[in-house]
Amino acid sequence: MTSSKNSKVIRMDYQEYKSVYNRLRSFGDINRLIEEGYEERFVKTLFTQKTSRDVKKRFYVVKQNTGRMLKEWKKGKSMMDIAMKWNFPPILTAMFIFLEDGASKKEFWGYVADPDLLRKEVADELKEVIANDPVYSPEGNEEQRLRGIWGETLLQNWLNDQGIGYRTENDLRGEYEKTPDALLDEPMLFEGKKIYWIESKASFGDNTEFKYNSRKQLIPYTNIFGPGVVVYWVGKLDDLECPEGVTVQDISILEKKLDRIETCEE
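What counts and how
- Residues numbered from 1 in each chain as written.
- Predicted model: local features only at pLDDT ≥ 70, side-chain atom pairs only at ≥ 80, totals over all residues.
- Heavy atoms only, no water.
- Helix = DSSP H or I, 4+ residues; strand = E, 2+ residues; numbered from the N terminus.
- Contact = heavy atoms within 4.5 Å.
- Salt bridge = Lys/Arg side-chain N within 4 Å of Asp/Glu carboxyl O.
- Buried < 20%, exposed > 50% of the residue type's maximum accessible area, 1.4 Å probe, protein only.
- Pairing = 2+ DSSP bridges.
- pLDDT = per-residue confidence, 0-100.

A separate point is the environment of L218. Considering the arrangement of structural elements, one finds L218 in helix 11 (residues 207-224). When the C-alpha atoms of L218 and T179 are compared, they prove to be 9.7 Å apart, with 39 residues separating the residues in sequence. Apart from residues no more than four positions distant in its own chain, L218 is found in contact with W197, E199, F210, N213, V230 and V246.

When you line up the elements, F59 lands in helix 3 (residues 40-63). Through-space distance from the C-alpha of F59 to that of K201 is 25 Å; in sequence the pair is 142 residues apart.

Here we take up the pattern of salt bridges. Applying the stated criterion across every chain, the model contains 17 salt bridges. For K120, the salt bridge identified is with D124, shortest N-O distance 2.7 Å. In this pair, K120 and D124 are both assigned in helix 8 (residues 120-131), four residues apart and thus about one turn of the helix distant. With a relative accessible area of 59%, K120 lands in the exposed category. The closest approach of N and O atoms between E186 and R260, which form a salt bridge, is 3.1 Å. Note that E186 is positioned in strand 3 (residues 182-190) and R260 in strand 9 (residues 259-260), a separation of 74 residues in sequence. What makes E186 partly exposed here is its relative accessible area of 33%. Residues joined in a network through salt bridges with shared partners are E40, K44 and E143.

Pairing analysis gives three bridges linking strand 2 (residues 166-168) to strand 3, with the strands arranged antiparallel. Note on strand 3: the bridge partner recorded for T168 is A182. Where strand 3 lies against strand 4 (residues 193-201), five bridges are found, and the strand directions are antiparallel. Residue pairing for strand 4: L183 is matched across the bridge by W197. Pairing of strand 3 with strand 9, which is carried by two bridges, proceeds in the antiparallel orientation. From the neighbouring strand, M188 faces strand 9, where its bridge partner is R260.

A few words on the environment of N87. Mapped onto the elements, N87 comes out in the loop between helix 5 (79-86) and helix 6 (90-100). With a relative accessible area of 53%, N87 lands in the exposed category. Taking C-alpha positions, N87 is 17 Å from G67, a pair spaced 20 residues apart along the chain. When neighbours within four sequence positions are excluded, N87 is seen to be in contact with R25, D54 and R58.

It is worth spelling out unusual backbone geometry at this point. In terms of backbone geometry, most residues other than glycine have negative phi values and most peptide bonds are trans. For N87, which is not a glycine, the phi torsion comes out positive at approximately 50°. Despite not being glycine, E191 has its phi angle at roughly 50°, a positive value. Relative to the assigned elements, E191 resides in the loop between strand 3 and strand 4.

So, about the confidence of the model for the protein chain. With 94% of its residues at a pLDDT of 70 or more, the protein chain has an overall mean of 93. In this model, residues 1-6 is a region of pLDDT below 50 whose contacts with residues beyond four sequence positions or in other chains number 18 contacts.

The following block contains the structure:
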């Protein structure tokens, strides 16, 4: 694990990353890894990415068993115990049970926002579920939202400090099919490469994340605007295979500068 003044975790080789990733099996593993010295933002981000991927793979498999879940709950097994049995996020497990019991999704998320709308025994169970779900709970969603804002703010401050003009995703809304977080007003040089855009990612750049981002956003950006940079603020693997026109950076980009093309040619 490498470090800089900006962050404890900057880049990781695959072996160390895989070790941390494999050890993030449950909510309790987050604090254990933080106590070992890993940065809190990094550990929570990686846990979120791992959990979200697992949910995508197993959502419908688990959902097929909601009838069994409801029966177990009606017989006195807690929602948390059922979530642990299925190794599935507690809030999504609770949602399956509530929906199977006749509630709508809107009603369920209303209960998540205010569990005291329920009778005390069920409210206490739902509060336990919420407290043990760092990904799908309201607090978890808010953390992810703030992490995105944190990354975009770092990028915008970095550009503003250099006096570089750019348009944000909001500025560009409706103009293009896909828009990066910062489309530069004029092409710039970054480490000798001409770039037109910069994308902010408040996630950890492992192979799965990078391939998904490349397919959905980065390659389309290069087709529309030209070459650019993606920044994984929480860290990245050292050996990512970049498609043509895409440069990958981590938080250490804050220690670097963009150069105006005309200045470099003089």
